[in-house]
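Coordinate analysis (summary)
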Amino acid sequence: MKITFLGHATLLLELEKHTLLIDPFITGNPMVSDTISIKGLKPDYILLTHAHQDHVLDVEEIAKQSDPVIISNYEIAMYFENKGLKAHPMNHGGNRSFPFGIVKYVQAVHTSSFADGTYGGQPGGFILIADGKTIYIAGDTALTMDMKLIPMQHTLDLAVLPIGDNFTMGIEDAVLAAKFVECNKVLGYHYDTFGYIEIDHKKAKQAFEKAGKKLHLPGIGESLVV
Ligand code: NI
Ligand code: MN
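About the thresholds
- Residues numbered from 1 in each chain as written.
- Chains lettered and ligands numbered in written order.
- Predicted model: local features only at pLDDT ≥ 70, side-chain atom pairs only at ≥ 80, totals over all residues.
- Heavy atoms only, no water.
- Helix = DSSP H or I, 4+ residues; strand = E, 2+ residues; numbered from the N terminus.
- Buried < 20%, exposed > 50% of the residue type's maximum accessible area, 1.4 Å probe, protein only.
- Contact = heavy atoms within 4.5 Å.
- Areas by Shrake-Rupley, 256 points an atom, 1.4 Å probe, with all protein chains shown as cover.
- Lys, Arg positive; Asp, Glu negative; His and termini not counted.
- Charge placed at Lys NZ, Arg CZ, Asp CG, Glu CD.
- Donors = N, O, S within 2.8 Å, 3.2 Å for Na, K, Ca; no water.
- Tetrahedral: all angles 85-135°; square planar, octahedral: opposite > 155°, others 65-115°.
- 1 Å grid on protein atoms, 1.4 Å probe; cavity = no way out; pocket = protein on both sides within 12 Å on 5 of 7 lines; lining within 4 Å.
- Points joined across faces, edges and corners; volume = space filled by probe spheres on them.
- Nonpolar A, V, L, I, M, F, W, Y, C, P; charged D, E, K, R; others polar.
- Axes fitted to C-alpha atoms, helices over the stretch in contact; angles between N-to-C directions.
- Parallel < 35°, antiparallel > 145°, perpendicular 65-115°, else oblique.
- Left-handed = near helix turned anticlockwise from the far one by under 90°.

**Quick notes on the overall build of the chain**
Helix and strand counts for the chain stand at 6 helices and 14 strands. The buried share of the chain, taken over its 226 residues, is 56%. Sequence-distant contacts in the chain: of pairs separated by 6 or more residues, those separated by 24 or more amount to 60%. Total accessible area on the chain is roughly 9900 Å²; 48% of this is exposed by carbon and sulfur atoms. The positive charge centre, built from 19 side chains, and the negative charge centre, built from 26, are 6 Å apart in the chain.

Below, the structure written as structure tokens:
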């Protein structure tokens, strides 16, 4: 499974036979240079953790290019279905088998509304099992005891955790989250994009190292293979 960081909370997952895009926010990201464009993105599926603008901004433009299936909570799925896009609704605790693998929509402690004020359901994260690997994409969330449920059923190969603080967990809580989900390999995201969420990269890496964990902070456009 090849995971490419496209800035903020946007991830491109290249699986053996399918391409998944998570939370596309590229055209509005001040950190993304001209080298990254939504033009070449033709995902088979788009997974959305919640409805905030910094997670769904480019969904409609990208969907025009490949007619993907949007996987998210019920309210977000209906929102995009009403705009003529294909969508698969889920809700917390639900597992679903797709042609690429299994997705579980799990709890996140955050909020979820569209930029136009439409209710975006309850926010979540995803457990994704595909190509023999299991990863956890936390979405925007606070540290929560619910994370302790995850290792009771899954052995994670990677945890994708927000680390920017202010709107989500900060570094200290993300280290605890990595302990809660019992995963030593962490991809940090949702940081530096806006002034509120700037972090000290060195301090962040050291905090994880001290806990015996490895924090990956790939540059925009860089990939990680799990
Ligand atoms: Ni958010
Ligand atoms: Mn966000």
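Now that the structure has been shown, the text picks up again.
**Comments concerning the coordination of the manganese ion (ligand 2)**
Around the manganese ion (ligand 2), the protein contributes the donor atoms Asp54 (OD), His55 (NE2), Asp140 (OD) and His190 (NE2), which lie 2.1 to 2.2 Å from the metal centre. Between the two metal centres, the manganese ion (ligand 2) and the nickel ion (ligand 1), the spacing is 3.0 Å, with Asp140 acting as a shared donor. Of the two residues, Asp54 and His55, neither departs from the other in class, the shared state being buried.

**Structural notes on the coordination of the nickel ion (ligand 1)**
For the nickel ion (ligand 1), the full set of protein donor atoms is His50 (NE2), His52 (ND1), His110 (NE2) and Asp140 (OD), and the range of their distances to it is 2.2 to 2.3 Å. For the nickel ion (ligand 1), the 4 donor atoms in the first shell make angles of 89 to 178° at the metal, a pattern classed as irregular. Positions of the donor residues of the nickel ion (ligand 1) along the chain correspond to the pattern H-x1-H-x57-H-x29-D.

**Overview of the layout of surface pockets**
Gaps left between atoms are located by rolling a probe of water-molecule size over the structure's atoms. By volume, the largest pocket is sized at about 210 Å³. Looking at the largest pocket, it is lined by 15 residues, and the ones nearest its centre are Lys104, Val106, Asp146, Leu149 and Ile150. At the level of elements, strand 8 (101-107) and helix 4 (150-153) are the ones that each hand at least two residues to the lining of the largest pocket. Examining the composition of the lining of the largest pocket, we find that 4 residues originate from one element, strand 8, more than from any other. Each residue belonging to the lining of the largest pocket can be placed in one class, and the counts come to 8 nonpolar, 5 polar and 2 charged.

**Concerning the packing of helix 5 (residues 171-180) against helix 6 (residues 201-210)**
For the pair helix 5 and helix 6, the least separation of the axes is 10 Å and the interaxial angle reads 30°. The angle between helix 5 and helix 6 falls in the class roughly parallel. Judged by the sense of rotation from one axis to the other, the crossing of helix 5 with helix 6 is right-handed. Between helix 5 and helix 6, the residues in contact are Ile171, Ala174, Val175 and Ala178 and Ala204, Ala207 and Phe208, respectively. Of the residues contributing to the contact of helix 5 with helix 6, the split by class is 7 nonpolar, no polar and no charged.

**Topic: the environment of Leu12**
Of note, Leu12 is situated in strand 2 (residues 11-14). You can call Leu12 buried: its relative accessible area is 13%. Separated by 10 residues in the primary sequence, Leu12 and Lys2 have C-alpha atoms spaced 8.0 Å apart. Not counting residues up to four positions away in its chain, the partners in contact with Leu12 are Lys2, Ile3, Thr4, Leu6, Thr19, Leu20, Leu21 and Leu41.

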